[in-house]
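Close look at the chain arrangement
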Amino acid sequence: MSEQPDVPQIPARFTDPRPVVAVGTLAWVIATLVVWASGDRWAVALPTCWAGIAVGGLAYTIFWIQRRAARRGSKGAQQGLL
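Not measured: the values here are computed from a predicted model.

**Considerations on the overall build of the protein**
- Broken down by element type, the protein carries 3 helices and 0 strands.
- Over its C-alpha atoms, taken along the principal directions, the protein stretches across nearly 65 × 35 × 20 Å.
- In the protein, the share of contacts with a sequence separation of at least 24, taken over all contacts with a separation of at least 6, comes to 36%.
- Within the structure as shown, the protein displays about 7,000 Å² of accessible surface, and the carbon and sulfur contribution to it stands at 66%.
- Both charge centroids of the protein, one from 8 positive and one from 4 negative side chains, sit 14 Å from each other.

Okay, structure coming up:
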């Protein structure tokens, strides 16, 4: 049986969710402003835009709570956030 080769670690810049969450939330903010500025033409899309902003805010909040727990040394915290 041959040995498994060592798998290299993924660089931290590829595993950090903050840029993805920030860019996604910013995109929803821009979409909300565009929809809001267009008036009644895209009014049905406005709730979707607000939901996108809320999901981005929720995602960042969960990440922030998990990171704080990891720094505290909590056993239930997600690994690799430090």
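**Considerations on the packing of aromatic side chains**
- Throughout the structure, instances matching the rule amount to 1 aromatic pair.
- With 6.2 Å between their ring centres and 50° between their planes, Tyr60 and Phe63 make a pair best called tilted. Note that Tyr60 and Phe63 are positioned in helix α3 (residues 46-72) at a spacing of 3 residues, about one turn of the helix.
- In this structure Phe63 comes out as buried when scored by relative accessible area, which is 11%.
- Between Arg68 and the ring centre of Trp64, over which it is positioned, the NZ or CZ distance is 4.7 Å.

**Remarks on the confidence of the model for the protein**
- Per-chain confidence: the protein averages 87 in pLDDT, with 91% of residues scoring 70 or above.
- When mean pLDDT is compared element by element in the protein, helix α2 (residues 18-37) scores highest at 94, while helix α1 (residues 12-15) scores lowest at 81.

**What to know about the pattern of salt bridges**
- Applying the stated rule across the entire model yields 1 salt bridge.
- Across the pair Arg18 and Asp16 runs a salt bridge whose closest N-O atoms are separated by 2.9 Å.
- Assessed through its relative accessible area of 21%, Asp16 is described here as partly exposed.

What counts, and at which threshold
Residues numbered from 1 in each chain as written. Predicted model: local features only at pLDDT ≥ 70, side-chain atom pairs only at ≥ 80, totals over all residues. Heavy atoms only, no water. Helix = DSSP H or I, 4+ residues; strand = E, 2+ residues; numbered from the N terminus. Contact = heavy atoms within 4.5 Å. Areas by Shrake-Rupley, 256 points an atom, 1.4 Å probe, with all protein chains shown as cover. Lys, Arg positive; Asp, Glu negative; His and termini not counted. Charge placed at Lys NZ, Arg CZ, Asp CG, Glu CD. Phe/Tyr/Trp six-rings, centres within 6.5 Å; stacked < 30°, edge-to-face > 60°. Buried < 20%, exposed > 50% of the residue type's maximum accessible area, 1.4 Å probe, protein only. Lys NZ or Arg CZ within 6 Å of the ring centre and 35° of its normal. pLDDT = per-residue confidence, 0-100. Salt bridge = Lys/Arg side-chain N within 4 Å of Asp/Glu carboxyl O.

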